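Observations on chain architecture
This is what each chain is made of:
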Amino acid sequence: MWAGTDRPRRTSGVARMSERDQDRDEQVGYDVHAVEAKWLPVWERLDPFRADDASPREKRYALTMFPYPSGDLHMGHAEVTALHDVIARYWWLRGYEVLNPMGWDSFGLPAENAAIRNNEHPATYTYANIETQAASFKRYAVAFDWSRRLHTSDPEYYRWTQWLFLKFRERGLAYRKDSPVNWCPNDQTVLANEQVVDGRCERCGAEVTKRELNQWYFKITEYAQELLDDLDALAPTWPDRVVTAQRNWIGRSEGAHVTFTVRTESGDRDLEVYTTRPDTLYGATFMVVAADAPLAAELVTEAQRPAYEAYLAETRKASDIDRLSTDRPKTGVDLGVTAINPVNGEEIAVWASDYVLADYGTGAIMAVPAHDQRDLDFAKAMGLPVRRVVDTGEPNPEETYQATTGDGVYVNSGPLDGLTDKVAGIRTIIERLESEGRGSGAVNFRLRDWLLSRQRYWGCPIPVIHCETCGEVAVPEDQLPVELPELRGADLKPKGVSPLAAAEDWVNVDCPQCGGPAKRDSDTMDTFVDSSWYFLRYCSPHDDTQAFDPEQVNAWMPCDIYVGGVEHAVLHLLYARFFTKVLADMGLLDFREPFAAQLNQGVVINQGKKMSKSLGNGVNLGAQLEEFGVDAVRLTLVFAGPPEDNIDWADVSPAGSLRFLQRAWRLSGDVTSTPGVSAEKGDVALRRVTHRTVHDAAELVESKRFNVMVARVMELVNATRKAIDSGCGPADPAVREAAEAVAVLLSLVAPYTAEEMWDRLGHEPSVARTTWPVVDETLLVEDSVTAVVQVKGKVRARLEVSPDISEADLEAAALADDAVQRALDGATVRKVIVRAPKLVNIVV
RNA sequence: GCCCCGGUAGUCCAACGGCAGAGACAAUGGUCUCAAACACCAUCCAGUGUGGGUUCGAAUCCCACCCGGGGCACCA
């Protein structure tokens, strides 16, 4: 059944008996820690999972999100790697060359904060934790290729992060601009939009405020449409929630740009707005400009300027939390100017308010209060007119102050009057605007450019020099990496500007262009930049001439599976997709999506709640491993339920898992046939179970139903046990076949137990690199099946029939059955549904 | 408010539109034991959130609602 290596283990039957007795003694104390200690060094020596770039085998790339080095591994790491490992190990057994690397996302704030507290260097904390986690991963027996290990905080790595930044900058995709940005007062740094959750810093929970700063951005918006479109192709193999989260985040909308003319004190000028409802243009009764947009200051009359500036000052003070609350009363100020509606020439007031966002669309809107609740609230608060232009049959919003947004008949809308088709209404208005040069159809995205600069130390320095005469100058590529200066302890204290700015020796340099005095850019990059390309680096991790070897990358990528937490649904995954597309446009990659398939594991919780120190419900991974062993913990996590479901540690039983592993292990000691014996003449009933299990297990792994796969292996163990104790007996070759199948299948989840079984069954290590058992298709066909006969939907009889019985024969057999005849009780048979060979339903 | 995903024994979970149970936890009884633990054997347990519909037949497909989880949300 296997093409693996065989080694005769035992010679005489007499010896066998005594050894079996010995085994029984061992059973009492199946010492998981001894088994772990036995195999760990063997695997270290065999290095069975090193990916060979030159292998002729088909390549597979199994990636798991690399960890941040905070302390030791915890339950979350244990879960994600256990799930991931099932796939990687399965692929090895199926004959693929598998790239399964691991590394560390080792720049970031926790290390910096720890360094400040303990007057240390962040690297001390970081690299100590990495060593701890690496040792734990090895003990945890994940099938990683350790030769490809990387850390994003190594200069050999971040040199290439800097190189990529420069390439992006050359293409106009990294640029600086002044803009109001999210500021975390606690971490003393700016944050990307994606890192602000409900107005709070996603890391520390502090309320985010706005600051007007000059910052670096990646132009991810240039790829908005492609990032959205390509989700369609990913939808079948990516989790729904990730795809929808990304769609929502990108937030495409269709509508129109409409140009109004504004009468300002310095003459007429155009004011462009974006709207998704150009068909309601006749209902625009005023306009609103974002109070904090430069536009508002340009439009306001001298008479209104003091009022406007007072309002603006008020707005600036409000935190994001306040701004985000939707039930806040509308506020605003009249700018004193009027605008002319391009379709009906009507003159309407122009206001400024904070309910219009400066950085979305054009920063100005046309207000149609009858059909937009926000505009209606504003109109009500300010006493502005409301005019219904779509009659939906609902009460008039002018009276009810309930905006109507549905379809209806156009009224008060000139050429649209009487029309009911919204799509036609939109088209008509856009055509008219286009013909008059006052607008056009337009698309807008919610996605903003990616703010990448951070005012902190422990990150990748931005390789740019600011020169008084030459301006912004890129650090020449041959001078990369720009290494971080040695700072520690108090030097790292957040002061609102990067700690690097105070490192005089480091920050003051000669301009690479003119040689004059210049300063380095003192910000560092968002750590999401580091993680946007690490999966490429794994393909050629030791290449010191380039960020990655395109030939290797194109051979291994895209990743066949990416396993990780759903918390990265938009952040990391969107950024990594963006990087991939840019690098493809640079001609370095021949694919445009980095991750072909994805799996998001659930969260390990306890007693219905997230584990936390304050609740005191944390489950310590190390203690669990100590008590039950690596295999039992891994098995528990994989068996608990579907991979994406949360696992409540109170609902699962590592003790039960250990019990099962012992049962499986015991099989290997009971087998008395010799390795390599042909199973052909073995017990057919057991062989059927074995081959059916192996067959189904493959399908179950491929469809990621690992919990069901484990259940099927348990079934096989139970069947083998029965065969040994009360069936064909331990000498039957089918028992060996079954036990060997258990070892191989179990190696996906419980590598130590599987290796020990494999050894006891007389094979050389490692079971992880043997081949998947070959399924004998003939054993999958049952020689008889149970057909159910229903009368009026109720089961009345069961017939043992041949699996290839004809429908006519089955129907005849069913009608001939006594029990069926009794149930029919002479009633007229109206219809007989036959689904050979499993079912007959008789309708009377 | 809008959009996704999910509700099956006491618990966690299975079930191509075809006998609701693969597997496990817990419980109960037994075997072993001086006893207990471990181990082993056996037993117990739901008609699938609610209400309609489609069908010969629905946990499964459709509609509405309820509950839970997630995403978006002053994005015009």
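One structure accompanies this document, and this report is about it. (Residues numbered from 1 in each chain as written. Chains lettered and ligands numbered in written order. Predicted model: local features only at pLDDT ≥ 70, side-chain atom pairs only at ≥ 80, totals over all residues. Heavy atoms only, no water.)

Before going further, it helps to spend a moment on the packing of helix α2 (residues 32-46) against helix α27 (residues 751-760). Taken N-terminus to C-terminus, the directions of α2 and α27 make an angle of 85 degrees; their axes are 10 Å apart at the nearest point. One element, α2, and the other, α27, form an angle in the roughly perpendicular class. Only Pro751, Tyr752, Glu755, Glu756 and Asp759 of α27 make contact with α2, whose side of the interface consists of Val35, Glu36, Lys38, Trp39, Leu40 and Trp43. Grouping the constituent residues of the contact of α2 with α27 by class yields 6 nonpolar, no polar and 5 charged. (Axes fitted to C-alpha atoms, helices over the stretch in contact; angles between N-to-C directions. Helix = DSSP H or I, 4+ residues; strand = E, 2+ residues; numbered from the N terminus. Parallel < 35°, antiparallel > 145°, perpendicular 65-115°, else oblique. Contact = heavy atoms within 4.5 Å. Nonpolar A, V, L, I, M, F, W, Y, C, P; charged D, E, K, R; others polar.)

Glancing now at helix α26 (residues 733-746). For α26, spanning 14 residues, the distance from its first C-alpha to its last is 20 Å, which sits close to the expected 20 Å at 1.5 Å a residue. With 14 of 14 residues buried, α26 lies mostly within the body of the structure. Capping the start of α26, Asp732 holds a side-chain oxygen 2.7 Å from the backbone nitrogen of Ala734, two or three residues further along. (Expected span 1.5 Å × (residues − 1). Buried < 20%, exposed > 50% of the residue type's maximum accessible area, 1.4 Å probe, protein only. Polar contact = N/O pair within 3.5 Å; in protein donor to acceptor, adjacent residues only side chain to side chain.)

Moving on, we come to the protein's contact with RNA strand B. The environment of RNA strand B is formed by 47 residues, the closest being Thr276, Arg374, Arg446, Arg659 and Arg798. Among the atoms of RNA strand B lying within 4 Å of the protein, the sugar-phosphate backbone contributes 61%. Within the side chain of Arg835, an N or O atom sits 3.2 Å from a base oxygen of RNA strand B. For the surface near RNA strand B, the leading source of residues is helix α25 (residues 706-726), giving 5 residues. Along the lines of polarity and charge, the residues of the surface near RNA strand B split into 19 nonpolar, 11 polar and 17 charged. (Near = heavy atom within 4 Å.)

In total, this model carries 37 aromatic pairs according to the counting rule given. Cluster of aromatic residues (ring-pair linked, three or more members): Phe165, Phe168, Trp216, Phe218, Tyr223, Trp450, Phe528, Tyr575, Phe578 and Phe579. The ring of Trp91 carries Arg60 above its face, with NZ or CZ at 5.0 Å from the centroid. (Phe/Tyr/Trp six-rings, centres within 6.5 Å; stacked < 30°, edge-to-face > 60°. Lys NZ or Arg CZ within 6 Å of the ring centre and 35° of its normal.)

Taken in spatial order, the 3 strands of this open sheet run β27-β26-β28, and their pairing is mixed. Only two strands of the sheet have a single neighbouring strand rather than two, namely β27 (609-610) and β28 (647-648). Examined bridge by bridge, strand β26 (residues 604-606) and β28 share 2 bridges and lie parallel to one another. Following the sheet pairing, Ile605 is matched in β28 by Asp648. (Pairing = 2+ DSSP bridges.)

Another aspect to go through is the sheet that holds strand β29 (residues 785-791). The strands making up a sheet associate through backbone hydrogen bonding, with each pair oriented either parallel or antiparallel. Here we have 4 strands laid out as an open sheet, ordered β30-β29-β32-β31, and mixed in their pairing. Every other strand in the sheet has two partners, leaving β30 (794-801) and β31 (831-835) as the edge strands with one partner each. When the angles between neighbouring strand axes are averaged without regard to direction, this sheet yields 15 degrees. Relative to β30, β29 runs antiparallel, the two being bridged by 7 bridges. Paired with Gln790 across the bridge in β30 is Val795. Against the sheet, helix α28 (residues 807-816) makes contact with β29, β30, β31 and β32 (839-843), and its axis sits at roughly 125 degrees relative to β31, the strand it touches most.

The subject of this paragraph is the pairing of strand β11 (residues 333-340). Pairing of strand β8 (residues 253-264) with β11, which is carried by 3 bridges, proceeds in the antiparallel orientation. Bridging from a neighbouring strand, Val262 pairs with Ala339 of β11. As paired elements, β11 and strand β12 (residues 347-353) share 5 bridges and run antiparallel to each other. Note on β12: the bridge partner recorded for Val333 is Ala352. Linking two consecutive strands that pair antiparallel, namely β11 and β12, is a turn of 6 residues; a positive phi of about 70 degrees is found at Gly345 within it.

Keep in mind that these numbers describe shape and distance, not what the molecule does.
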